[in-house]
Amino acid sequence: MIQPPTSIQQLANRAGELAGKTIAQIAAQFEDKIPSTLKRKKGWQGQLIEKCLGADSGNLSQPDFSLIDVELKTLPINLLGKVQESTYVCVVNINNRLGEQWRDSVVFHKLRHVLWVPIAKQGKDSLADSLVGTPFFWEMSEQQESIIRSDWENAMELISMGSIHQLNAGMGEILQVRPKAAHSRVVTDSIDEQGNSALTLPRGFYLRPQFTQSLLYQNLLVL
DNA sequence: GAATGATCATAT
DNA sequence: ATATGATCATTC
């Protein structure tokens, strides 16, 4: 068990050690068996990096490194540096904390300061050979915040009106809302437009790949 | 090929 | 049931 980092510098040092290593090299330190595919182990890579860096928040709704308030995100890319997937941020609070302010939201706290760890897959199924790129820190700028805040407020507005059924992945310039559940029959409590209790599919907030791609380009990726 | 909706594993 | 870690797979 690696201790949680007590300073940004300490985290930066640890993260820097990962650059240029393969997943196999990193997993070897923990004697972890590498899955042949992520098909049934979708969170495996992210959790491996968490272990290396000392993330201590478990599944609490707070940034991964609790002592320094930094969130960790792995960023799947290809060898050309192209982002391959959207980035999950957190669950959408559908029937809880309605009326909360942006700066008190989980989205804001998680995205305020993020350590991105790019991971490049070599081929179609070579997890072990995947290369870790140069990790980089990102602090949300005022301009970025205004867009993300607006995306968040628009989504929360619909939900508070009981119109979550109108929410779809096409909305939101940077932050979008998509299903987040074990399968499509899962339901969670919500309210309908008449204010009555209702059931709906759980949703999550995600960052569009276009946005994380721009962050990557701004940070001179070196593999 | 990108984007949306669906899904997988695990911890609490 | 709901939070974490996400990617898969079908549709557009």
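Before any of the text, the structure's been laid out above.
Residues numbered from 1 in each chain as written. Chains lettered and ligands numbered in written order. Predicted model: local features only at pLDDT ≥ 70, side-chain atom pairs only at ≥ 80, totals over all residues. Heavy atoms only, no water.

Enquirer: Kindly report on the environment of Leu48, identifying the contributing residues and their values.
Expert: Locating Leu48 in the fold gives a position in helix α3 (residues 44-53). Considering only alpha carbons, one finds Leu48 and Ala27, 21 residues apart in sequence, at a separation of 7.0 Å. When residues no more than four places from it in sequence are discounted, the contact partners of Leu48 are Ile23, Ile26, Ala27, Phe30 and Asp32. (Helix = DSSP H or I, 4+ residues; strand = E, 2+ residues; numbered from the N terminus. Contact = heavy atoms within 4.5 Å.)

Enquirer: Can you break down helix α5 (residues 142-160) residue by residue, with the values?
Expert: End to end, α5 covers 26 Å across 19 residues, agreeing with the expected 27 Å (1.5 Å per residue, within 8%). When α5 is considered as a whole, its buried residues turn out to be Gln144, Glu145, Ile148, Asp151, Trp152, Ala155, Met156, Leu158 and Ile159. In the stretch just after α5, Gly162 is the one whose phi turns positive, near 80°. (Expected span 1.5 Å × (residues − 1). Buried < 20%, exposed > 50% of the residue type's maximum accessible area, 1.4 Å probe, protein only.)

Enquirer: Can you tell me about the sheet that holds strand β2 (residues 87-91), naming the residues and giving the values?
Expert: Taken together, 3 strands build an open sheet; the order of strands is β2-β9-β6 and the sheet is antiparallel. Strands at the two margins of the open sheet, each flanked by one partner only, are β2 and β6 (175-179). Taken pair by pair, the neighbouring strands of this sheet meet at an average axis angle of 35°, ignoring direction. Bridge count for β6 against strand β9 (residues 203-207) is 5 bridges, and the pairing is antiparallel. In the strand pairing of β9, Leu175 is matched with Leu207. Sheet strands touched by α5: β6 and β9. Its angle to β6, the strand with the most contacts, is close to 40°. (Pairing = 2+ DSSP bridges. Axes fitted to C-alpha atoms, helices over the stretch in contact; angles between N-to-C directions.)

Enquirer: Hey, could you go over the pairing of strand β7 (residues 188-191) for me, with residue numbers and the actual values?
Expert: The pairing of β7 with strand β8 (residues 197-200) spans 4 bridges and is classified as antiparallel. When the sheet's bridge partners are listed, Ile191 is paired in β8 with Ser197. Connecting β7 to the next strand, β8, in antiparallel fashion are 5 residues, including Gly195 with a positive phi near 85°.

Enquirer: Tell me about the protein's contact with DNA strand B, and please be specific about residues and values.
Expert: Around DNA strand B, the surrounding shell holds 19 residues, and the nearest of these are Arg40, Lys42, Lys82, Ala181 and Ser184. Of what DNA strand B places within 4 Å of the protein, 61% of the atoms are sugar or phosphate. Within the side chain of Asn59, one N or O atom sits 3.0 Å away from a base nitrogen of DNA strand B. One nitrogen or oxygen atom from the main chain of Ser184 is found 2.7 Å from a phosphate oxygen belonging to DNA strand B. (Near = heavy atom within 4 Å. Polar contact = N/O pair within 3.5 Å; in protein donor to acceptor, adjacent residues only side chain to side chain.)

Enquirer: Now, about the pattern of salt bridges: what can you tell me, with residues and values included?
Expert: Once the charged atoms of two side chains with opposite charge are near each other, the side chains can pair. Tallying each qualifying case throughout the model produces 4 salt bridges. For Glu71, the salt bridge goes to Lys73, with nearest N and O atoms at 3.3 Å. Two residues, Glu153 and Arg149, come together in a salt bridge whose shortest N-O distance is 2.7 Å. On the criterion of helical spacing, the pair formed by Glu153 and Arg149 is a turn pair, its members being 4 residues apart in helix α5. A residue is classified by how much of its surface remains accessible, and Glu153, at 33% relative accessible area, is partly exposed. Arg149 gets classed as partly exposed once you look at its relative accessible area, which sits at 32%. (Salt bridge = Lys/Arg side-chain N within 4 Å of Asp/Glu carboxyl O.)

Enquirer: Before we move on, can you summarise the protein's contact with DNA strand C with the specific residues and values?
Expert: The immediate surroundings of DNA strand C are formed by 27 residues, with Asp64, Tyr88, Val91, Lys180 and Tyr206 found nearest. When atoms of DNA strand C within 4 Å of the protein are sorted by moiety, sugar and phosphate together comprise 67%. Asp64 is positioned with one of its side-chain polar atoms (N or O) 2.8 Å from a phosphate oxygen of DNA strand C. The separation between a phosphate oxygen of DNA strand C and a polar side-chain atom of Thr188 is 3.0 Å. Secondary structure elements with two or more residues in the surface near DNA strand C: α3, β1 (71-77) and β2.

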